[in-house]
Amino acid sequence: SQTIHQWPATLVQPVGSPLSLECTVEGTSNPNLYWYRQAAGRGLQLLFYSVGIGQISSEVPQNLSASRPQDRQFILSSKKLLLSDSGFYLCAWRRRSPHEAFFGQGTRLTVV
Amino acid sequence: AQTVTQSQPEMSVQEAETVTLSCTYDTSESDYYLFWYKQPPSRQMILVIRQEAYKQQNATENRFSVNFQKAAKSFSLKISDSQLGDAAMYFCAYRSATGAGGGADGLTFGKGTHLIIQP
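As the structure is a computational prediction, the values presented were derived from the model and not from experiment. (Residues numbered from 1 in each chain as written. Chains lettered and ligands numbered in written order. Predicted model: local features only at pLDDT ≥ 70, side-chain atom pairs only at ≥ 80, totals over all residues. Heavy atoms only, no water.)

**Description of the overall build of chain A**
Step number 1: Helix and strand counts for chain A stand at zero helices and eleven strands.
Step number 2: By its C-alpha atoms, chain A is 40 × 30 × 20 Å across when sized along the principal axes.
Step number 3: The burial tally for chain A puts 49% of its 112 residues in the buried class.
Step number 4: Put simply, of all contacts in chain A between residues at least 6 apart along the chain, 54% involve residues at least 24 apart.
Step number 5: In the structure as shown, chain A presents an accessible area of about 5,200 Å², 52% of it carried by carbon and sulfur atoms. (Helix = DSSP H or I, 4+ residues; strand = E, 2+ residues; numbered from the N terminus. Buried < 20%, exposed > 50% of the residue type's maximum accessible area, 1.4 Å probe, protein only. Contact = heavy atoms within 4.5 Å. Areas by Shrake-Rupley, 256 points an atom, 1.4 Å probe, with all protein chains shown as cover.)

**Some thoughts on the pairing of strand S2 (residues 10-13) of chain A**
Consecutive side chains of a regular strand alternate in pointing toward one face of the sheet and then the other.
All names here are of chain A.
Step number 1: Side chains Leu11 and Gln13 of S2 all project onto a buried face; the interleaved residues Thr10 and Val12 project onto a face where none is buried.
Step number 2: Sheet topology places S2 next to strand S11 (residues 107-111); four bridges connect them, and they run parallel. Within S11, the position partnered with glutamine 13 by the bridge is valine 111. (Pairing = 2+ DSSP bridges.)

**Overview of the layout of surface pockets**
All names here are of chain B.
Step number 1: In this structure, the second largest pocket occupies an estimated 180 Å³ of space.
Step number 2: As for the second largest pocket, its lining consists of 16 residues, of which Gln39, Pro40, Ala88, Met89 and His114 are closest to the centre.
Step number 3: Where the lining of the second largest pocket is concerned, the elements lending two or more residues are strand S10 (88-96) and strand S12 (113-118).
Step number 4: Looking at the lining of the second largest pocket element by element, the count peaks at three residues for S10.
Step number 5: Broken down by class, the residue content of the lining of the second largest pocket amounts to nine nonpolar, four polar and three charged. (1 Å grid on protein atoms, 1.4 Å probe; cavity = no way out; pocket = protein on both sides within 12 Å on 5 of 7 lines; lining within 4 Å. Points joined across faces, edges and corners; volume = space filled by probe spheres on them. Nonpolar A, V, L, I, M, F, W, Y, C, P; charged D, E, K, R; others polar.)

**As for the sheet that holds strand S3 (residues 19-26) of chain A**
Within a beta sheet, neighbouring strands are joined by backbone hydrogen bonds and run either parallel or antiparallel to one another.
All names here are of chain A.
Step number 1: The sheet built from four strands is open, its strands ordered S1-S3-S8-S7 with antiparallel pairing. Only two strands of the sheet have a single neighbouring strand rather than two, namely strand S1 (3-7) and strand S7 (65-70). Averaged over all adjacent pairs, the angle separating strand axes in this sheet is 20 degrees, with direction ignored.
Step number 2: As judged from the five bridges shared by S1 and S3, these two strands associate in the antiparallel manner. Bridging from a neighbouring strand, histidine 5 pairs with threonine 24 of S3. (Axes fitted to C-alpha atoms, helices over the stretch in contact; angles between N-to-C directions.)

**Here's the deal with the interface of chain A and chain B**
Step number 1: If you look at the interface, chain A gives 23 residues, while chain B gives 19 residues.
Step number 2: The junction of chain A with chain B conceals about 1,800 Å² of combined surface from both sides, 50% of it contributed by carbon and sulfur atoms.
Step number 3: The three residues of chain A that bury the most area against chain B are His99, Glu100 and Phe103 of chain A, which together make up 28% of that side's buried surface.
Step number 4: There are one salt bridge connecting chain A and chain B.
Step number 5: Put simply, glutamate 100 of chain A and arginine 50 of chain B hold a salt bridge, and the shortest N to O gap is 2.6 Å.
Step number 6: Across the chain A-chain B interface, the total number found is eight residue pairs in polar contact (both at pLDDT 80 or more).
Step number 7: Contributing elements (two or more residues each) for the side of chain A that touches chain B: strand S4 (32-38), strand S5 (44-52), strand S9 (87-94) and strand S10 (101-103) of chain A.
Step number 8: Looking at the side of chain A that touches chain B, its residues break down into eleven nonpolar, seven polar and five charged. (Buried area = accessible area lost by both parts, 1.4 Å probe. Salt bridge = Lys/Arg side-chain N within 4 Å of Asp/Glu carboxyl O. Polar contact = N/O pair within 3.5 Å; in protein donor to acceptor, adjacent residues only side chain to side chain.)

**Here we look at the packing of aromatic side chains**
Step number 1: Applying the stated rule across the entire model yields 16 aromatic pairs over all chains.
Step number 2: Ring centres of phenylalanine 68 of chain B and phenylalanine 75 of chain B lie 6.3 Å apart, and the angle between their planes is 80 degrees; this geometry places the pair in the edge-to-face category.
Step number 3: The class for phenylalanine 68 of chain B is buried, based on a relative accessible area of 8%.
Step number 4: The class of phenylalanine 75 of chain B is buried, set by a relative accessible area of 0%.
Step number 5: With a centroid separation of 6.3 Å and an interplanar angle of 85 degrees, the aromatic rings of phenylalanine 91 of chain B and phenylalanine 109 of chain B are classed as edge-to-face. With phenylalanine 91 of chain B in strand S10 and phenylalanine 109 of chain B in strand S11 (residues 108-109), this pair connects stretches of sequence that are 18 residues apart. Summarising the burial analysis for this pair, phenylalanine 91 of chain B and phenylalanine 109 of chain B share the class buried.
Step number 6: Pairwise contacts between aromatic rings join Tyr34, Tyr36, Tyr49 and Phe103 of chain A together with Phe35, Tyr37, Phe91 and Phe109 of chain B into one cluster.
Step number 7: The side chain of arginine 43 of chain B reaches across the aromatic face of phenylalanine 88 of chain A, ending 4.0 Å from its centre. (Phe/Tyr/Trp six-rings, centres within 6.5 Å; stacked < 30°, edge-to-face > 60°. Lys NZ or Arg CZ within 6 Å of the ring centre and 35° of its normal.)

Right, here's the structure in full:
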């Protein structure tokens, strides 16, 4: 069966520090991968998605970037965190059919 | 761009009763998918039910069923025999079937409905 791992679960970082959140998927190949952010009391906002190694699409201009160095690995990064980057970040993967997405456990990021 | 609206920020229901959560969406596409996700306090997003727009029959998963009205662009979730474990945030989500256009490959979410189950 397929599983998705996301870490760390919780992170407190000072303003201006770098960020690296990692997500890996097991049990499938060539999945579509996604990074979402959930601000307090709001729904999820799509940040990035990837349909293959090295292929990244960004949905909103921001202080973050994403990379996909391997087929089942998706990384969310920042060179210098802002207070506004605080939130709950979720990685997800989707198989081609059926079309639902499966989510990781999420990372609660607090920028102080 | 597609939008998803959940007009009920919070709903409360007695245990064992039935509750319906509302969702409307706006799209110009004819082929798409709709989902309901549950987010309990652990914040893990769990798929509850899926509906393909080309299917007229409403999807059902055990105690969960949807009322899909394509012309009205409405997609409500009915939970029967509510249980304490159903307490969570519920999100309605849309995904284009064509993958056309930027962002169409991902899910567009509503802002969620907080469901409270009263014992």
